[in-house]
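Spelled out, the chains give:
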Amino acid sequence: MRVFTDLHQLPHFQKTVVTIGSFDGVHLGHRRILEQVRSLALACGGESVVITFDPHPRTVLRPDEKHFKLLTSTAEKIMLLESSGIDNVVVVPFSLDFAHQSASDYVEAFLIKKFNPRYIVIGYDHRFGANREGNISFLKKYETEAGFEVVEIPAQEIDEIAISSSKIRKALDISDIRLANRLLGHPFSFSGEVVYGRQIGRTISFPTANIAIADPNKLILPQGIYAARISSTLPEPDGRKGAEAMLYIGNRPTIENGDTSQTIEVNILGFDGDLYGQNLSVEVIDFIRPDQKLDGLEALQAQIEADKQEILRRLEMEKTTPAALATATAAPSVAVVILNYNTRRHLEEYLPSVLTNSPGARIVVADNGSPDDSVDFLQQHYPQVEVLDLQHNYGFAQGYNEALKQVKADIYVILNSDVEVTPGWITPIVEAMQRDTTMAIAQPKILAWTEKKRFEYAGAAGGWIDYLGYPFCRGRIFNHREEDRGQYDQPQACFWAAGAAFFIRADLYHAFGGFDGDYFAHNEEIDLCWRVKRAGYSVWCIPQSVVYHLGGGTLQYESPRKVFLNFRNSLYSLLKNEPWGKLCWLLPARFLLDGLAGARFAAKGQFRAIWSIVEAHFSFYSNLPALVTKRKNVSALLAQYRIGPEDKTGVYKGSIIVAHYLHRIKQFSKLHFK
């Protein structure tokens, strides 16, 4: 990547794709824009260019605004932009003279003359020129004459970026490093020159490097102790990059010297060299504890040693995670939770594989008020399994909500009682979720227990949905299940993950309200996946993890009860998640298409299933007021927890009914993706 800080030294650009902004933090919302810029540049054979400013325009235009703090300095921002794959970064020296140029000069003498753009990717609310007279409409007037096209970033996406930045700052202000890093998509970092301190650390065997941050607008974390890494390369003979470190921010209350000034110090584990005068970059991984006054240097030394052990524990799993995506600050705790209702036979058959192949995970069986002796059986034969006796049949959806209120873990694995797991099944998915901070939910490859070379109905190699809201899978379209020949062995983002083996970050399960208990069973996982995807998170299938599912353990696939739940709950999900404008035509269309499904059941002589479809529609329309209220509640959740634009991966733009029944397509790989 090329970096330019002098506007008089710019090269002769050709066919550039330009975007303009402060990009403070270069967080996940920004990265979606940057990816769009890169894609356009690739498509037109041009170069991607990010135009940003130094100092930040706000510090020039509002010099008295003392509380404004930056997530990234200019140097830190440049490094992050390079990691995003941008070709060129132009850092414009921002001044009052630059701000006060006319809008026409800004477009003609700056954008067109210096950058020769093919595309300008810009926010709907971007203003420029003296008195902010220029806007996106003003810029579009030049399109034909200058030969470029304005690509507008919609209001929703701009608002989401602002929301994310605000949430990151709030998280950092309360030392919630893990949340901030998740929203950033990379560890929060800072850099500065190593300066002389009082050298007290050496006297207690913990020498520290005192860091002076030059940028007065850089955000400083609250006082306390943090787990960190040094992203700078240490001098020889050490030569390490990514060295583990203990970070201290505070005024050293244990040392009574009358000096209450705040210091930023790092103890680089295993390093005892000279760093004075060097610039050190520090990535903050997790918060350990607040600062506190201790009873003398001996107590301080003992506490620092305890902090060191905790920091090492937090950093251990993070060692194998790329720094740009590192948010896991400790080995994530995993709880495998099996909801049981009257299926002791499944526990006898499948639970041993879960116990054998899930080392390190908590194994929990939540019993939904089973009338059989499931609880007694577990207590007698599997005392190592945690049993939650819910004493009532809440159904699949609400049953898990009730159970997971009582389970503390970083990652929940919702597992059907009729699933056989294979050795190492947890590790690939947990590692993938650690690498990708936006991956909220994932599933393994799910094969049939009775035909282990064939995909299973419920989930296969990842769930998709068509434009009309009908679900299908990689490896399964309607009732046709493909043979597994390794054709879907690449991890892939999808639309929904199967409830039969459903990995989800525990904090997100609770933040987004868990499953909708009114579904009872079926489609509740699609609804939850839809919610988290609308908030900017992603859902994946990781086929390196494999399980075998019996299927139909509680309800056969075409039983009248299951037909009712599938059709009704699908309509529930549409109303809660689709835009009103689309629902105006989609609901009548679904009424007709569901009628065709009834005709198909009639042709097969399954007349009870026809009545189930009718009942499903009656139930849906009778519950419209409650569903509208739920829709409003979902919107409020999204506003609170959104990290970026909606992830629409896994939506088939056509009709799977037309593709399968008219065009006779039975394999996912044969579908035509637009």
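For every chain, the first residue of the written sequence is number 1, and numbering continues from 1 onward in sequence order. Reporting in this predicted model follows two pLDDT cut-offs: at least 70 for local features of residues, and 80 or more for side-chain atom pairs to be given and counted; totals over whole chains, interfaces and linings ignore these cut-offs and use all residues. Remark: hydrogens and water are excluded; side-chain values derive from all non-hydrogen atoms of the structure.

Chemist: Looking at this structure, how should I read the overall build of the chain?
Modeler: Of regular secondary structure, the chain possesses 21 helices and 26 strands. Note that the radius of gyration is over C-alpha atoms, with the globule rule given as 2.2 Å times the number of residues to the power 0.38. Compactness check: the chain gives a C-alpha radius of gyration of 28 Å against a globular reference of 26 Å for 674 residues, within 12% of the reference. A 1.4 Å probe rolled over the protein chains alone gives each residue an accessible area, and that area as a share of the maximum for its type sets the label: buried under 20%, exposed over 50%, partly exposed in between. Counting all 674 residues of the chain, 56% fall into the buried class. Across the chain, contacts joining residues at least 24 apart in sequence account for 76% of those joining residues at least 6 apart. Within the structure as shown, the chain displays about 28900 Å² of accessible surface, and the carbon and sulfur contribution to it stands at 52%. A run of H or I in DSSP counts as a helix once it spans at least four residues, and a run of E counts as a strand once it spans at least two, with each numbered from the N terminus. Any two residues having at least one pair of non-hydrogen atoms within 4.5 Å are treated as being in contact. What sets the accessible areas is the Shrake-Rupley method with a 1.4 Å probe; for residues, cover comes only from the shown protein chains.

Chemist: Mind showing me how you'd approach the packing of helix α19 (residues 607–622) against helix α20 (residues 624–641) here?
Modeler: Pairs of packed helices are described in terms of their axes, by the angle between the two and the distance that separates them. Angular values range over 0 to 180 degrees, each being the angle between N-to-C directions of two axes fitted as lines to C-alpha atoms, with helices fitted over their stretch in contact. Running from N to C, α19 and α20 cross one another at 65 degrees; their axes reach a closest spacing of 5 Å. In this structure, α19 uses F620, Y621 and S622 to contact α20, whose residues at the interface are L624, P625 and L627. Of the residues in the contact of α19 with α20, the class split is 5 nonpolar, 1 polar and no charged. Three residue categories are used. Nonpolar comprises Ala, Val, Leu, Ile, Met, Phe, Trp, Tyr, Cys and Pro, charged comprises Asp, Glu, Lys and Arg, and polar comprises the others, including Gly.

Chemist: What am I meant to see in the packing of aromatic side chains here?
Modeler: Aromatic ring pairs are reported here in terms of the distance separating the ring centres and the angle at which the planes meet. Two aromatic rings, drawn from Phe, Tyr or Trp (for Trp, its six-membered ring), form a pair once their centres lie within 6.5 Å of each other, and the interplanar angle then sorts them: stacked below 30 degrees, edge-to-face above 60, tilted otherwise. According to the stated counting rule, one finds 37 aromatic pairs in the structure shown. Relative to Y652, the ring of F472 has its centre 6.0 Å away and its plane inclined at 85 degrees; by these criteria the two rings are edge-to-face. Here F472 is found in strand β20 (residues 471–473), whereas its partner Y652 is found in strand β26 (residues 651–652), with 180 residues between them in sequence. The exposure class of F472 is buried, given its relative accessible area of 0%. The buried category is assigned to Y652, whose relative accessible area is 7%. A centroid spacing of 5.9 Å and a plane angle of 85 degrees characterise the contact between Y488 and F668, whose relative ring orientation is edge-to-face. Of the two residues, Y488 sits in the loop between β22 (480–481) and β23 (492–494) while F668 sits in the segment after α21 (656–662), which places them 180 residues apart along the sequence.

Chemist: Which parts of the structure should I look at to understand the pairing of strand β16 (residues 411–415)?
Modeler: Taken residue by residue, a regular strand's side chains alternate between the two faces of the sheet. Most of β16 is tucked away: 5 of the 5 residues are buried. Side chains of β16 alternate between two faces, with I411, V413 and L415 and Y412 and I414 buried alike. Strands are treated as partners if at least two bridges between them are detected by DSSP. Both strand β13 (residues 334–340) and β16 contribute to a ladder of 5 bridges, which runs parallel. Across the sheet, residue V337 finds its bridge partner in β16, namely I414. Strand direction decides the pairing type here: β16 and strand β24 (residues 501–505), joined by 5 bridges, are antiparallel. By the bridge assignment for β24, I414 is matched with F502.

Chemist: Is there a simple way to think about the sheet that holds strand β9 (residues 224–233) in this case?
Modeler: If you walk around this closed barrel you meet the 6 strands as β7-β8-β11-β10-β9-β12, and the pairing is antiparallel. Taken pair by pair, the neighbouring strands of this sheet meet at an average axis angle of 45 degrees, ignoring direction. Pairing of β9 with strand β10 (residues 241–250) involves 8 bridges; the strand directions are antiparallel. Across the sheet, the residue bridging to Y226 is L247, located in β10. Strands β9, β10 and β12 (279–289) of the sheet are contacted by helix α10 (residues 296–316), whose axis makes an angle of about 95 degrees with β12.

Chemist: I tried to follow the pairing of strand β2 (residues 16–20) on my own but got confused; where do I start?
Modeler: A large share of β2 lies buried, amounting to 5 of its 5 residues. The two faces of β2 match: T16, V18 and I20 on one face and V17 and T19 on the other face are all buried. Pairing analysis gives 5 bridges linking β2 to strand β3 (residues 47–54), with the strands arranged parallel. Residue V18 lies in a different strand from β3, and its bridge partner there is V49. Crossover handedness is defined here as right-handed if the route from the first strand over the helix to the second strand goes clockwise, with the strands pointing away from the viewer. For the handedness criterion, the β-α-β arrangement of β2, helix α1 (residues 28–44) and β3 is classed as right-handed. Judged from the 4 bridges that link them, β2 and strand β5 (residues 117–123) form a sheet pairing that is parallel. Residue pairing across strands places V18 opposite I120, the latter belonging to β5.

Chemist: Got a minute to help me understand unusual backbone geometry in this structure?
Modeler: Among all residues save glycine, negative phi is the norm, and among peptide bonds the norm is trans. The peptide bond linking D54 to P55 adopts the cis configuration, its omega dihedral lying at 0 degrees. Mapped onto the fold, P55 is located in the loop between β3 and α2 (57–61). You will see that F520, though not glycine, has its phi angle at about 65 degrees, which is positive. The exposure class of F520 is partly exposed, given its relative accessible area of 31%. For H522, which is not glycine, the phi dihedral falls at a positive 80 degrees. Here H522 is to be found in the loop between α15 (506–511) and α16 (524–534).

Chemist: Would you take a moment to explain the pattern of salt bridges for this structure?
Modeler: Pairing between side chains of opposite charge can happen when their charged atoms approach one another. The salt bridge definition used is simple: a Lys or Arg side-chain nitrogen within 4 Å of an Asp or Glu carboxyl oxygen. Going through the model one piece at a time under the given rule, you end up with 30 salt bridges. E76 is the salt-bridge partner of K218, the closest N and O atoms lying 2.8 Å from each other. Residue K218 is located in the loop between β8 (209–212) and β9, and its partner E76 is located in helix α3 (residues 74–83); the two are separated by 142 residues in the primary sequence. Accessibility classification places K218 together with E76 in one group, the buried group. A cluster of three or more residues bridged by salt bridges with shared partners is formed by D516, D518, D527, R531, K576 and K630.

Chemist: Explain helix α13 (residues 395–404) to me, please; I cannot follow it from the model alone.
Modeler: With 9 of 10 residues buried, α13 lies mostly within the body of the structure. Those residues of α13 that fall on the buried side of the exposure criterion are G395, F396, A397, G399, Y400, N401, E402, A403 and L404. Where α13 is buried, its residues touch β13, β14 (362–367), β15 (386–389), β16, α15 and α16.

Chemist: Looking at this structure, how should I read the packing of helix α11 (residues 344–357) against helix α12 (residues 374–381)?
Modeler: Interhelical geometry of α11 versus α12 gives an angle of 30 degrees and a closest axis separation of 9 Å. Here α12 runs roughly parallel to α11, going by the angle between their axes. In this structure, α11 meets α12 at a crossing whose hand is right-handed. Residues R344, L347, E348 and L351 of α11 pack against S374, F377 and L378 of α12. Should an angle lie under 35 degrees it is considered roughly parallel, over 145 roughly antiparallel, and from 65 to 115 roughly perpendicular; all remaining angles are considered oblique. By convention, the crossing between two helices is left-handed when the near helix turns anticlockwise from the far helix through less than a right angle, and right-handed when the turn is clockwise.

Chemist: Before we go on, may I ask you to explain the environment of M246 in this structure?
Modeler: Note on placement: M246 falls in strand β10. Expressed as a C-alpha distance, the spacing of M246 and Y119, which sit 127 residues apart in the sequence, is 45 Å.

Chemist: Explain the environment of Q640 here, please?
Modeler: Relative to the helices and strands, Q640 is located in helix α20. A residue is classified by how much of its surface remains accessible, and Q640, at 45% relative accessible area, is partly exposed. Here the alpha-carbon distance between Q640 and S164, two residues 476 residues apart in the chain, equals 10.0 Å. Pairs of N or O atoms are called polar contacts if they sit within 3.5 Å, as long as, within protein, a hydrogen donor faces a hydrogen acceptor (for residues adjacent in sequence, only side-chain-to-side-chain pairs). Here the side chain of Q640 touches Y641 through a polar contact of 3.2 Å, side chain to side chain.

Chemist: Where do I start with the sheet that holds β3 in this structure?
Modeler: In a beta sheet, neighbouring strands pair by backbone hydrogen bonds and run either parallel or antiparallel. Spatial ordering of the open sheet is given by β1-β4-β3-β2-β5-β6, a layout of 6 strands whose pairing is parallel. Strand pairing shows two members of the sheet lacking a second neighbour, β1 (2–4) and β6 (149–153), which therefore form its edges. Neighbour-to-neighbour, the strand axes of the sheet open up by a mean angle of 20 degrees, direction not taken into account. Strand direction decides the pairing type here: β3 and strand β4 (residues 88–93), joined by 6 bridges, are parallel. Considered in β4, the bridge of V49 is made with N88.

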